[in-house]
Amino acid sequence: MNRKLIALDLDGTTLNNQSQISQKTSEVLTRLKKEGHIVSIATGRPYRSSRQYYAELQLDTPIVNFNGALCHRPTELAWESQYHKTLNREIAIDMLSLRKDMDIQLIAAELRDSVYVDDDFVPYEDFFATGKNMSFKLSEDTLKEEPTAISVFTGKENQQAITDKIIHRYGDAVEVRTWGGLTPCLEVVAAGVQKAMGVERIAQVYGVQQKDILAFGDENNDYEMIQYAGHGVVMNNGIDELKAIADDVTDFSNHEDGLALYLEKYFRLI
């Protein structure tokens, strides 16, 4: 079998419902790495809240963060193939007005290594990860740089209405995607940004052809990645929109080792 690039979404895919990597998943991915395949993460999360999974899987490959707005190699800070797409700062500031008539728990302007928030709400346990990353109060006076993304945390029942309002206001300047697994989130990035950009960049670096890319996802923000991959797989717990374009669907959910069991079968590890 040709060497494969295995691109993994995190929430709702690689992680179980406790936001953990199961022992089974870790063992299967470790074995595939030893056999020469490339394992890489492609997530909507910032690096500060995905770095622990990167370390846990003992990866040294590039990682895609912010739904494709950032592709970098944490082990090589000056990696020549990295890219970083940012969003207009004025859009970030203007989005604070969504609070006036929308039920929103938190608006966060994400920079590469820091985050600016408009409230004290903590959307998930490791949102304010420690280390070099910093958090600040979000306002027109404090945010001086163009952010990588804007995260809007709200209930799933509110997501469509807020998305419609964002698209109506900013039009073709932005992309709006959902992610978060059990933590509903809308992520706003610059127009044209999506995970497939990062996966394509990684494939180019390793000389992997499109037909040898396996991508796994479950949500709206995985759409282009699943469509682009030579073999796009959607989790059993994934949305119907994604399953409609997938090459395959796992037999089991993310909480039932669906990813690991699928990989075992695909690569004939058992």
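The rules we used
Residues numbered from 1 in each chain as written. Predicted model: local features only at pLDDT ≥ 70, side-chain atom pairs only at ≥ 80, totals over all residues. Heavy atoms only, no water. Helix = DSSP H or I, 4+ residues; strand = E, 2+ residues; numbered from the N terminus. Buried < 20%, exposed > 50% of the residue type's maximum accessible area, 1.4 Å probe, protein only. Contact = heavy atoms within 4.5 Å. Pairing = 2+ DSSP bridges. Axes fitted to C-alpha atoms, helices over the stretch in contact; angles between N-to-C directions. Salt bridge = Lys/Arg side-chain N within 4 Å of Asp/Glu carboxyl O. Expected span 1.5 Å × (residues − 1). Arc of directions from axis to C-beta. Polar contact = N/O pair within 3.5 Å; in protein donor to acceptor, adjacent residues only side chain to side chain. Phe/Tyr/Trp six-rings, centres within 6.5 Å; stacked < 30°, edge-to-face > 60°. Lys NZ or Arg CZ within 6 Å of the ring centre and 35° of its normal.

Trainee: Teacher, can you tell me more about the environment of Leu-15 here?
Mentor: Its location among the elements puts Leu-15 in the loop between helix H1 (10-14) and helix H2 (23-34). The exposure class of Leu-15 is buried, given its relative accessible area of 0%. Linking Leu-15 and Asp-126, residues 111 residues apart in sequence, is a C-alpha distance of 14 Å. For Leu-15, the residues in contact, after removing those within four places along its chain, are Leu-10, Gln-20, Ile-21, Arg-45, Tyr-53 and Asn-254.

Trainee: When you look at the sheet that holds strand S6 (residues 106-110) in this model, what are you seeing that I'm missing?
Mentor: Sheet strands associate in pairs through backbone hydrogen bonding, adopting either a parallel or an antiparallel arrangement. If you walk across this open sheet you meet the six strands as S8-S7-S6-S9-S11-S10, and the pairing is mixed. Strand pairing shows two members of the sheet lacking a second neighbour, strand S8 (134-137) and strand S10 (174-179), which therefore form its edges. Along the sheet, successive strands turn relative to each other by an average axial angle of 25 degrees, direction set aside. Where strand S9 (residues 149-153) and strand S11 (residues 185-190) come together, four bridges link them in antiparallel fashion.

Trainee: How do you make sense of the pairing of S10 when you look at a structure like this?
Mentor: A regular strand places its side chains so that they alternate between the two faces of the sheet. Across the six residues that make up S10, a large majority, five, are buried. Pairing between S10 and S11: six bridges, direction antiparallel. Its bridge partner being in S11, Thr-178 is matched across the sheet by Leu-186.

Trainee: What's the story with the pattern of salt bridges in this structure? I'm lost.
Mentor: Opposite charge on two side chains permits pairing when their charged atoms draw close. According to the stated counting rule, one finds 16 salt bridges in the structure shown. Several salt bridges share partner residues, and in doing so they unite Lys-4, Lys-211 and Asp-212 into one network.

Trainee: Got a minute to help me understand helix H6 (residues 195-206) in this structure?
Mentor: Note that an α-helix has 3.6 residues per turn; residues three or four places apart therefore point the same way. In a regular helix each residue adds 1.5 Å, so 12 residues correspond to 16 Å; H6 covers 17 Å between its end C-alpha atoms and thus fits that length. Residues of H6 that are buried include every one of Lys-195, Ala-196, Gly-198, Val-199, Ile-202 and Ala-203, and no others. Each buried residue of H6 lies within a common arc of 160 degrees when the element is viewed along its axis, so the set occupies one face. N-cap assignment for H6: the residue whose side-chain oxygen lies 3.0 Å from the backbone N of Ala-196 is Gln-194. Count one or two residues on from H6 and you reach Gly-207, which has phi positive near 70 degrees.

Trainee: Would you explain the packing of aromatic side chains in this entry?
Mentor: Centre distance and the angle of the planes are the two values used to describe a pair of aromatic rings. Inspection of every chain in the model, using the stated rule, returns eight aromatic pairs. Considering the side-chain rings of Phe-216 and Tyr-262, the 5.7 Å spacing of their centres and the 75 degrees angle between planes classify their relative orientation as edge-to-face. Taken as a pair, Phe-216 in strand S12 (residues 213-217) and Tyr-262 in helix H9 (residues 258-266) lie far apart in primary sequence, 46 residues in all. An identical accessibility class is assigned to Phe-216 and Tyr-262; each is buried. Considering the side-chain rings of Tyr-266 and Phe-267, the 5.0 Å spacing of their centres and the 70 degrees angle between planes classify their relative orientation as edge-to-face. The exposure class of Tyr-266 is partly exposed, given its relative accessible area of 25%. One aromatic cluster is present, built from ring pairs that chain together Phe-216, Tyr-262, Tyr-266 and Phe-267. Above the face of the Tyr-124 ring, Arg-45 is positioned so that its terminal group lies 4.8 Å from the ring centre. Lying over the aromatic face of Phe-127, Arg-48 brings its terminal NZ or CZ to 4.7 Å of the ring centre.

All quantities given are derived from atomic positions and should not be read as evidence of function.
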